[in-house]
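Per-entry structural report
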Amino acid sequence: MEQNYFLISNEGTAFALEGKIDLVQIQKVLNTPQTVAVRLGRKVVSKFMIHAVAKNECSDMEDYNLGITVGQSKIGTNAEEIEKVLDKLESDINKMEYVMINDAMLIFKHAFQVAEAE
């Protein structure tokens, strides 16, 4: 079964993404300084438009233990070890432009607001 994803744009709009999405590969492309655009399934999107790419389950705000505010949007994930995820987020967000959280979402560091255990 193919996992479904969505994108949160720099304007706060959410878009459904269709096709194959590989967050690890997308993160590598986005963290390359000369990259201007990236393919997200059946879309090619400007790097600067992307605030987050996340699995659809991250929009279900009733079933998560870690909430992430990106721009004006809140998304969530279930982390088995919240302290480790928060420590990794703090470290990664100070090193790279686009950060993976719990293998469920990729966020732009300048759109990141807060991550908190729920």
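A brief look at the structure comes next. (Residues numbered from 1 in each chain as written. Predicted model: local features only at pLDDT ≥ 70, side-chain atom pairs only at ≥ 80, totals over all residues. Heavy atoms only, no water.)

This paragraph deals with the pattern of salt bridges. On inspection of all chains with the given rule, the structure shows five salt bridges. Here Arg 42 ties to Glu 18 by a salt bridge, and the two come within 3.7 Å at their closest N and O atoms. Note that Arg 42 is positioned in the loop between strand 3 (37-40) and strand 4 (43-46) and Glu 18 in the loop between strand 2 (14-17) and helix 1 (23-30), a separation of 24 residues in sequence. Residue classification places Arg 42 among the exposed positions, given a relative accessible area of 67%. A salt bridge links Lys 84 to Glu 81; its shortest N-O distance comes to 3.1 Å. The exposure class assigned to Glu 81 is partly exposed, which follows from its relative accessible area of 44%. Counted as one network, the salt bridges with shared partners bring together Lys 74, Glu 116 and Glu 118. (Salt bridge = Lys/Arg side-chain N within 4 Å of Asp/Glu carboxyl O. Helix = DSSP H or I, 4+ residues; strand = E, 2+ residues; numbered from the N terminus. Buried < 20%, exposed > 50% of the residue type's maximum accessible area, 1.4 Å probe, protein only.)

Let us now look at the sheet that holds strand 7 (residues 73-77). Taken together, three strands build an open sheet; the order of strands is 7-6-10 and the sheet is antiparallel. Edge positions in the sheet fall to strand 7 and strand 10 (112-117), since each has one partner strand and no second. The average undirected angle you get between the axes of adjacent strands in this sheet is 20°. When strand 6 (residues 66-70) meets strand 10, the two strands line up antiparallel, connected through five bridges. Its bridge partner being in strand 10, Leu 66 is matched across the sheet by Ala 117. Packing against the sheet, helix 2 (residues 82-93) makes contact with strand 6 and strand 10, and its axis sits at approximately 165° to strand 10. (Pairing = 2+ DSSP bridges. Axes fitted to C-alpha atoms, helices over the stretch in contact; angles between N-to-C directions. Contact = heavy atoms within 4.5 Å.)

Moving on to the sheet that holds strand 5 (residues 50-55). The five strands lie next to each other as 2-1-5-9-8, forming an open sheet whose pairing is antiparallel. A single partner strand is all that each edge strand has here, and the edge strands are strand 2 and strand 8 (98-101). Between one strand and the next, the sheet's axes are offset by a mean angle of 20°, whatever the strand orientation. Pairing of strand 8 with strand 9 (residues 105-108) involves four bridges; the strand directions are antiparallel. Residue pairing across strands places Val 99 opposite Ile 107, the latter belonging to strand 9.

Take the pairing of strand 9 next. By the alternation rule, side chains of strand 9 split into Met 105 and Ile 107 and Leu 106 and Phe 108, which are all buried. Sheet topology note: the strand 5/strand 9 ladder contains three bridges and is antiparallel. Among the inter-strand pairings, Val 53 is bridged to a residue of strand 9, identified as Leu 106. Here strand 8 folds back onto strand 9, and the loop between the two strands holds three residues, one of which, Asn 102, carries a positive phi near 55°.

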